[in-house]
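Chain by chain, the residues:
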Amino acid sequence: MIRSIAKKELVSTLRDRRFVVLSVLMLALLLAATLVGRASYRTLQRERQVAQQTVNDQFHHQPNRHPHRVAHYGSFAFRPKAGLSFLDAGLDSFTGTAVFLEAHQQNSVNFSQAQQASSLIRFGELTVAFVLQLLVPLLIIFLCFNAFAEEREAGTLKLLLTQGVSLRRIAWGKITGYGQAVALVVVPALALAAWLLLSNESFANSPDAWARLGLFGLSYVVYFFLWIVGAVVVSARQQHARTALVLLLGCWMLGGIILPKATANLGANLFPAITKAELDAKVHEDAQKGINGHDPQDARSAALKANLLKKYKVDSEEKLPVSVGGLVMAESEAYTAKVYQQHFATLNHTYERQNALTVWAGLLNPYQAIRPLSMGLAGSDFAHYVHFQQAAEDYRYQLVQRLNALQTSMGYGDKERKLDAATWRAIPTFAYEAPVLGWALGYLVGPALALLLWAVGLSWLGLRAIDKTSIV
Amino acid sequence: MRTFWILVRYEWRHFRAAKGLVLLTGLVLLVGLYGIYYGTTEIERQRQHLATLPTLAHHNVEELKKKFPGPADAGDIGYYHTTFAVHHPTEWASLALGQRDVNPYYVKLRLLGLQGQLYASENVNPTKVLSGNFDLAFVLVYLFPLLIIALSFNLLSSEKEQGILVLLLAQPVRPGVVVAAKLTLRLLLVLGLALLLSAVAVAWARVPLDGRVGVWVALVVLYCLFWFGVVAIVTALQRNSAFNAVALVGAWLVLVVLLPGLLNVYVDATRPVPQGLELTIKQREEIHGGWDKPKSETMNRFFALYPQWRDTATIRERFVWRWYYAFQHLGDESVRPLVAAYTDGLRQRFALVERLAWVSPAVNAQVSLAALAGTDLPTHLAFQQSATRYHDALRAFYYPYLFRKVAFTHDDYAKEPTHTFTSTSELGTATSGLWKLLVSVGVVWATGLLLLQVRPLNPR
């Protein structure tokens, strides 16, 4: 019986001209968003690859230089776009793309897309995720709001029940039918996405990208399912189709537009973050407690020198096999990097507390559960961004310490000498390894659970409520 | 005319009796007040941050005074001394935050090359900026149309569905008057709410009462009128309530959600600006190349730009600060065309958005309100320009010390130029937006009235 009800719903949906127009529009939007996302992904990716290649070449082709000169020359790290970010750009437009890596300090990641745009960007970007998260639920609402009301008004509901079918089975039949109709709209777009992934060789052979795409699709299946169930339940519980529609639209607006903004804003108000200027000042203050690489009069530098003289059993700096300057630099770098890391961790912790509010809101609002889940799977969420920042910092630290070690090995009077150009070619350049799915999943447990809770809760409680609904 | 006011009064009673609608209106009022609270606290926080900057700069000077107790080489001071270029908001910024949370509102500057410092970003939580700001402009542009739709989607259809319209039109009253009375009450209600919120915001944010208040009010009123025009069109089609609801929400979706997204894609595709990455790479290459080039070559290039320092002593030392700052500046000079191309590209982007804003009155209203508040891209570019001039002034202040080898004393810190920049309203953009909005209003109302004329009201 469920199957025949489902078939009836699917057939009558497909006969409904309004639905066909809307779905074709939605499908066109989805396909367009996939292609546009893909095109912009490629442009940005190429731009960053070229930039990274340029700075890497520049680094390798430096003339004879003193290693500390090279440490100040530094390098850049450009953030590559994650493989699936063409489906969900997530935070990518609002996070920086380039960070300058140099001795003594950690710079901010600059040049975000949003800084190069007008306030138009704040209306939201047209990505696949946007269509799936906000527009498809609207389609579902228009599809399902009169699921029961129509049958009730036409009197067919009574007829159905006389056949010995329970209300709950009718509801499941309708849910199945509508699910099939929605699948007709969404599946082609995801198939196109999969095909586009396949056409890119580096992703075609990456099981990680496929697993991400699979879970991405799966989470949207759950998301659409709970919208369909919710809409059918509301339709059954409301006397009139009109009130069901208004109620569902109200929920959509509250969940899709008002709540996400309100919780994010509230989080920022509750846990204020420190400004860059204050952070820099604090780091500077704390770093002063350590050794200062550029200050020969520093008392700690003198102590370090005295220890070295004792260790190598010589009486003057000239006789040391190592450069005191290089060792002082290395020690000061280790200290300031540690200070930076502490402050950086505090700042990120503040952001995580701000964001936690949004994640908890996922329990109230399925949109706020699917959004982080989708971004996380696409590799464009906050955790992935911090991962990049951390990788860039790790590389910076290793690079600078390697150069400090080179300086140390030059021995006394290193400042008067330079190292050969071939030295720089032996130093590895920055290569970012995006984190694997297993790493990302750790951050996604909360939203995934919230989404499942919604799906299970709605099917259980909602359908129990349907049992008690009036037939006339 | 009397019947008109009787009908308006009747509608008012009707509205008060409809608990759901009263609740909704009250909710929008509360949400609007939250928007004002949020906007003002956000700007207040930025103001507080800006207020801490002089203290930070002062600490820095104290530290330098301790580090260099006697007269010092100005080169050392220029290297270690940090100062700030600050971008103060207008009072209007609290009402429409625009891009003020995305773009840095101060820049930390040293005497080094400017291009390596100008684009440093502020600490922002990307998750928060992605969600966007819940300011008054958002409430007005996004949520007010929904209130208008909720209040009037069943303007005639509900009366028709309940069979009241037949009775009503049996009286000696023209159908046009009925529609006008119903629209008037809703218009008064919505405009009253919008103006009340605006007044609260103006008072709360201590906005100076000048002509800009008029522009704000005009923008808000016209934007609401536009949506009532859309309602008039849908009402004139005389379909059932469900159809009206779907059609109006559809219009909202297209104008407020879809078109802005499409416009974004279009602007990005037709006005790409990749020069940002390019110019920082080039500037670094140029500056660090300075260490390896012969000093005379660097100095001659510098003297071509600043002939007034040509007669200073030839450099024979291994390192001297004036040479160092000369190649820092030459690094900036080398990317001058790229910087111009980058900022031009951004300006063109904004100009394109402005030109296409008529496509969606929501985009138009948003861009115009942000322009009035001085919180959009052009204002940020103006700030960057002002910071550049400040950096020029800093160089002009330090050069005599460096080139004439004048010692930098503790008294000299106070003589250093300081910077302040307060955004101004982009009135040009706001008023042109106003005209475009006026045209949109004219078009929808003309269409609505024409439809009402052509299709006489059918009470059944």
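Residue positions are given per chain, counting from 1 as you read along its sequence in written order. Chains and ligands are labelled by the order in which they are written, letters from A for the one and numbers from 1 for the other. Where totals are concerned, whole chains, interfaces and linings use all residues; where local detail is concerned, this predicted model gives features only for residues with pLDDT of at least 70, and gives and counts side-chain atom pairs only at 80 or more.

(A) Examining the overall build of chain B more closely. Starting at the N terminus, helices and strands are each numbered in turn, a helix being any DSSP run of H or I of at least four residues and a strand any DSSP run of E of at least two. Secondary structure summary: chain B contains 18 helices and three strands in total. Here the globule rule is a power law, 2.2 Å times the number of residues to the power 0.38, and the radius of gyration is based on C-alpha atoms. The globule rule puts the C-alpha radius of gyration for 460 residues at 23 Å, and the 30 Å found for chain B is more than 25% above it. Neighbour density around each residue's C-beta defines its exposure: 20 or more other C-beta atoms within 10 Å make it buried, 12 or fewer make it exposed, and counts between make it partly exposed, where C-beta atoms are placed from the backbone. Relative to its full complement of 460 residues, chain B shows a buried share of 48%. Our contact criterion uses C-beta atoms placed from the backbone: two residues qualify when those atoms are within 7 Å. Restricting the contact set of chain B to residue pairs at least 6 apart, pairs at least 24 apart contribute 86%.

(B) The arrangement of the overall build of chain A in detail. Within chain A one finds 17 helices and two strands. Relative to the compact-globule value of 23 Å for 472 residues, chain A shows a C-alpha radius of gyration of 30 Å, a clear excess of over 25%. In terms of principal-axis extent, the alpha carbons of chain A reach across some 105 × 45 × 40 Å. Here chain A holds 472 residues, and 47% of them are scored as buried. For chain A, contacts bridging at least 24 residues in sequence account for 83% of all contacts bridging at least 6.

(C) Main features of unusual backbone geometry. Phi at A:Lys313 takes a positive value of approximately 55 degrees, unusual for a residue other than glycine. With respect to the secondary-structure elements, A:Lys313 resides in the loop between helix H12 (299-311) and helix H13 (324-361). In the Ramachandran plot, B:Lys405 falls in the positive-phi region, its phi being about 55 degrees despite a non-glycine side chain. Relative to the helices and strands, B:Lys405 resides in the loop between helix H16 (377-403) and helix H17 (412-415). We classify B:Lys405 as partly exposed; it has 14 C-beta atoms within 10 Å.

(D) Representation of the UniProt feature "transmembrane region" (unreviewed entry) in chain B. All names here are of chain B. UniProt positions are given in the numbering used here, feature names are shortened, and annotations may be inferred rather than shown by experiment. Summarizing the sequence annotation, UniProt attributes the feature "transmembrane region" (unreviewed entry) to residues 21-40, 136-156, 187-207, 213-234 and 246-267 in the numbering used throughout. From the first C-alpha to the last, residues 136-156 spans 31 Å; its make-up is 81% helix and 0% strand. Counting secondary structure, residues 187-207 comes out at 86% helix and 0% strand; the distance between its end C-alpha atoms is 26 Å.

(E) Fine view of the environment of B:Val178. Along the polypeptide, B:Val178 turns up in helix H8 (residues 175-204). For B:Val178, the residues in contact, after removing those within four places along its chain, are B:Leu7, B:Leu168 and B:Val173.

(F) Quick look at the sheet that holds strand E3 (residues 421-422) of chain B. Residue and element names in this part refer to chain B. Two strands pair if DSSP finds at least two bridges between them. One open sheet holds the three strands; their spatial order is E2-E1-E3, and the pairing between them is mixed. Edge positions in the sheet fall to strand E2 (106-109) and E3, since each of these pairs with one other strand and no more. Bridge analysis of strand E1 (residues 83-88) against E2 gives four bridges, and the strand direction is antiparallel. Note on E2: the bridge partner recorded for Phe84 is Lys108. Packed onto the sheet, H16 meets E1, E2 and E3 and runs at close to 150 degrees relative to E1. To get an axis, fit a line to the C-alpha atoms, keeping to the stretch in contact for a helix; angles then go from 0 to 180 degrees between the N-to-C directions.

(G) Region of the structure containing the packing of helix H11 (residues 276-287) of chain A against H13(A). All names here are of chain A. Contact pair H11 / H13: the axes reach a minimum separation of 9 Å and the direction vectors enclose 145 degrees. Relative to H13, the crossing made by H11 is right-handed. Contacts between H11 and H13 pair Leu279, Lys282, Val283, Asp286 and Ala287 from the former with Tyr335, Thr336, Val339, Tyr340, His343 and Leu347 from the latter. Gly is placed with the polar residues, together with every amino acid not listed as nonpolar (Ala, Val, Leu, Ile, Met, Phe, Trp, Tyr, Cys and Pro) or charged (Asp, Glu, Lys and Arg). Looking at side-chain class alone, the contact of H11 with H13 contains seven nonpolar, two polar and two charged residues. In this scheme, a crossing is called left-handed if the near helix is turned counterclockwise away from the far one by less than a right angle; it is called right-handed if the turn is clockwise.

(H) Quick look at helix H14 (residues 367-378) of chain A. Residues and elements named next belong to chain A. The span expected for a helix works out to 1.5 Å for each residue beyond the first. Over its 12 residues, H14 runs 16 Å from end to end, which matches the ideal 16 Å to within 8%, given 1.5 Å per residue. For H14, the buried fraction is high: 12 of the 12 residues fall into the buried class. Residues of H14 that are buried: Tyr367, Gln368, Ala369, Ile370, Arg371, Pro372, Leu373, Ser374, Met375, Gly376, Leu377 and Ala378. Buried residues along H14 sit against helix H4 (128-144), helix H9 (207-237), helix H10 (241-270), H13, helix H15 (382-409) and helix H17 (437-467). Downstream of H14 by a residue or two, Gly379 has a phi angle that is positive, lying close to 80 degrees.

(I) Highlighting the interface of chain B and chain A. Across the boundary between the two partners, chain B contributes 64 residues, which contact 67 residues of chain A. Within the residue set of the side of chain B that touches chain A, elements represented by two or more residues are helix H2 (19-67), E2, helix H4 (126-131), helix H5 (136-152), helix H10 (241-270), helix H11 (275-292), helix H14 (336-356) and helix H15 (361-373) of chain B. Ranked by residues supplied to the side of chain B that touches chain A, first place goes to H10(B) with 13 residues. Of the residues in the side of chain B that touches chain A, the class split is 34 nonpolar, 21 polar and nine charged.

(J) Main features of the pairing of strand E2 (residues 98-101) of chain A. Residue and element names in this part refer to chain A. By the alternation rule, side chains of E2 split into Ala98 and Phe100 and Val99 and Leu101, which are all buried. Sheet topology note: the strand E1 (residues 75-78)/E2 ladder contains four bridges and is antiparallel. Counted as the bridge partner of Phe76 is Phe100 from E2.

(K) Summary view of the environment of A:Met26. Residue and element names in this part refer to chain A. Positionally, Met26 belongs in helix H2 (residues 17-60). By the C-beta count within 10 Å, which is 20 here, Met26 ends up buried. Distance from Met26 to Leu139, taken between C-alpha atoms, is 8.3 Å for residues 113 residues apart in sequence. Filtering out sequence-adjacent residues up to four positions away, Met26 remains in contact with Leu135, Val136, Leu139 and Val185.

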